Amino acid sequence: MTVRVSKPEFNLREKLTELDRPVGLKGNELVRAETTQDARDLVSAGRKNLIINGAMKVAQRGTSYTGTNSYGTVDRMACSHGGTNESPTQAQVDVASGTTPYSLGFRKAFKITNGNQTGGLSAGDLIEAIRYRVEAQDMANSGWNYKSGSSFITLSFWVKSSVSFNMKGYFFHHHGTTQSYPLETGTLTANRWTKIVRTIPGNPTVTFNNDTGVGLTISFGVYGTNFSSSNSPVNQWVTYSAATLTNPSETTWYTTNDATLEFTGLQLEVGPNATEFEHRSFAEELALCQRYYFKTTDAKGTVYPNGGTTTQVGLGVAFPVRMRTTPSVSLPTSVSSNVHNFGAANNSYTSGGQYGSNVDGANFYMLNGNSATAGTFSVLNTNAYVEFSTEL
């Protein structure tokens, strides 16, 4: 005898979501994923972070800097400012143990300490506490369908402020009809790490050239009214002008002497979700950073005659990675005993320049040293760094 049993149809996905037992960190979202790409985004499959040095590990220039240069400490992270009464100080600092960023594997942060801005926040003043620029070809080849309003890119980072305020910021694409996308963090609780997540849609006028120029600027900080007088709404694309760059800033942080901001875990990824941070090794981050900035004492060459004198030396450097473009060079001409002439002595060369350089290596000369025998093998001394930069 054959017994047939029939049961009503049911939706397996709905039943799975009704289970009482846990389904993992992203289980419910995976069950609801409609495409393979959605599932890959949720489990962080493959390389994803378009930001270099987002964990703030690499600081080739040093760990503290006060001055007018935008880049001073943590590689690829700039603090741009103008109109200030006193320059802010930027530093690479430790993330304190026992904090949430520390428990997630972050050990370093990019810290900005405000100067004493006695004049208040004037119209032309600004402190971009953190500014990051993404190379255009990295955006063009990222996989983001940036001309579609239904395709997204997600920015996430950790921030801590010593002052409670709503920090403003922006996205800005540099090609085509340029646009800004004003952002804000919401009110930050003083002295507490907060994770910020912002998802940005594409737009038909967004354009990125497939080249080595700057494609996208991301910035957060405090901006005078010259950059916000149009009161642009947050979280939507607006046609760029100086007045539409961002939403009006609160003045609280800017007018507080020695106020601080710390950042870590900066990540930019294609998709509508902020996934776990992509930690990379120090060696890998350093190599990525060296495309934009590189310093070394490993330069070799010889003394050569010029106009009948032998008071100059020619040196060469091979770059560890291909740089973005032919770099600018900063020579250690202010350092005493910057070159060692073998078989002779240390020598101090006080001027110089670059010649015959490209993206793979550089040749440079240094002048006005003591006379040495032509052809003498020479190297930079270990106290004398030559620096190469192609920062965006």
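Up top is the structure these notes are about.
Residues numbered from 1 in each chain as written. Predicted model: local features only at pLDDT ≥ 70, side-chain atom pairs only at ≥ 80, totals over all residues. Heavy atoms only, no water.

Novice: It is not clear to me how the sheet that holds strand β18 (residues 346-347) should be interpreted in this structure. Could you clarify?
Specialist: Within a sheet, each strand pairs with its neighbour through backbone hydrogen bonds, oriented either parallel or antiparallel. Spatial strand order, β18-β17-β21-β14-β15-β20-β19: seven strands in an open sheet with antiparallel pairing. Each of the sheet's edge strands pairs with one partner strand only, and the pair in question is β18 and β19 (351-355). (Pairing = 2+ DSSP bridges. Helix = DSSP H or I, 4+ residues; strand = E, 2+ residues; numbered from the N terminus.)

Novice: Would you mind showing me how to read the pattern of salt bridges here?
Specialist: Think of it this way: side chains of opposite charge can pair up when their charged atoms draw near. Counted according to the given criterion, the structure contains 12 salt bridges. Between K108 and D94 there is a salt bridge; the shortest N-O distance is 2.5 Å. Taken as a pair, K108 in strand β4 (residues 108-113) and D94 in strand β3 (residues 89-94) lie far apart in primary sequence, 14 residues in all. Judged by its relative accessible area of 27%, K108 is partly exposed. Classification of D94 by relative accessible area gives exposed; the value is 54%. One salt bridge connects E135 with R291, and the closest N-O pair in it is separated by 2.8 Å. (Salt bridge = Lys/Arg side-chain N within 4 Å of Asp/Glu carboxyl O. Buried < 20%, exposed > 50% of the residue type's maximum accessible area, 1.4 Å probe, protein only.)

Novice: Help me out: how do you make sense of the packing of aromatic side chains in this one?
Specialist: The way to describe two aromatic rings as a pair is by their centre distance and the angle between their planes. According to the stated counting rule, one finds 15 aromatic pairs in the structure shown. Between W144 and F208, the aromatic rings sit 6.3 Å apart at their centres with planes inclined by 45°, giving tilted as the arrangement. With W144 in the loop between α5 (136-140) and β6 (152-161) and F208 in the loop between β9 (194-201) and β10 (214-223), this pair connects stretches of sequence that are 64 residues apart. Summarising the burial analysis for this pair, W144 and F208 share the class buried. Seen from their ring centres, Y355 and Y365 are 5.9 Å apart, and the 35° between their planes marks the pair as tilted. A residue pair is termed long-range when its members are at least 10 positions apart, and Y355 in strand β19 and Y365 in strand β20 (residues 361-367) qualify at 10 residues. (Phe/Tyr/Trp six-rings, centres within 6.5 Å; stacked < 30°, edge-to-face > 60°.)

Novice: Can you help me understand the nonpolar core in this one?
Specialist: Nonpolar side chains tend to gather and get buried jointly when the protein is soluble and globular. In this structure, M77, M139, F171, W253, F263, L266 and L268 are the most contacted members of the largest nonpolar core, which totals 49 residues. Sorting the residues of this core by element identifies β4, β5 (126-135), β6, β7 (166-173), β8 (179-187), β9, β10 and β12 (260-270) as the ones contributing at least two each. In this structure, W253 is in contact with I112, N114, I127, S161, V163, F165, V222, A259, T260 and L261, ignoring residues within four places of it in sequence. Membership of the second largest hydrophobic core comes to 19 residues, among which are M323, L331, V386 and F388. (Core = buried A, V, L, I, M, F, W, Y, C linked by side-chain atoms within 4.5 Å. Contact = heavy atoms within 4.5 Å.)

Novice: Can you help me understand the sheet that holds β8 in this one?
Specialist: Taken together, six strands build an open sheet; the order of strands is β2-β5-β10-β7-β8-β11 and the sheet is antiparallel. The open sheet terminates on both sides in strands that have one partner only, identified here as β2 (78-82) and β11 (238-239). Across seven bridges, β7 lies against β8 in antiparallel orientation. Residue pairing in the sheet places F171 in a bridge with Y181 of β8.

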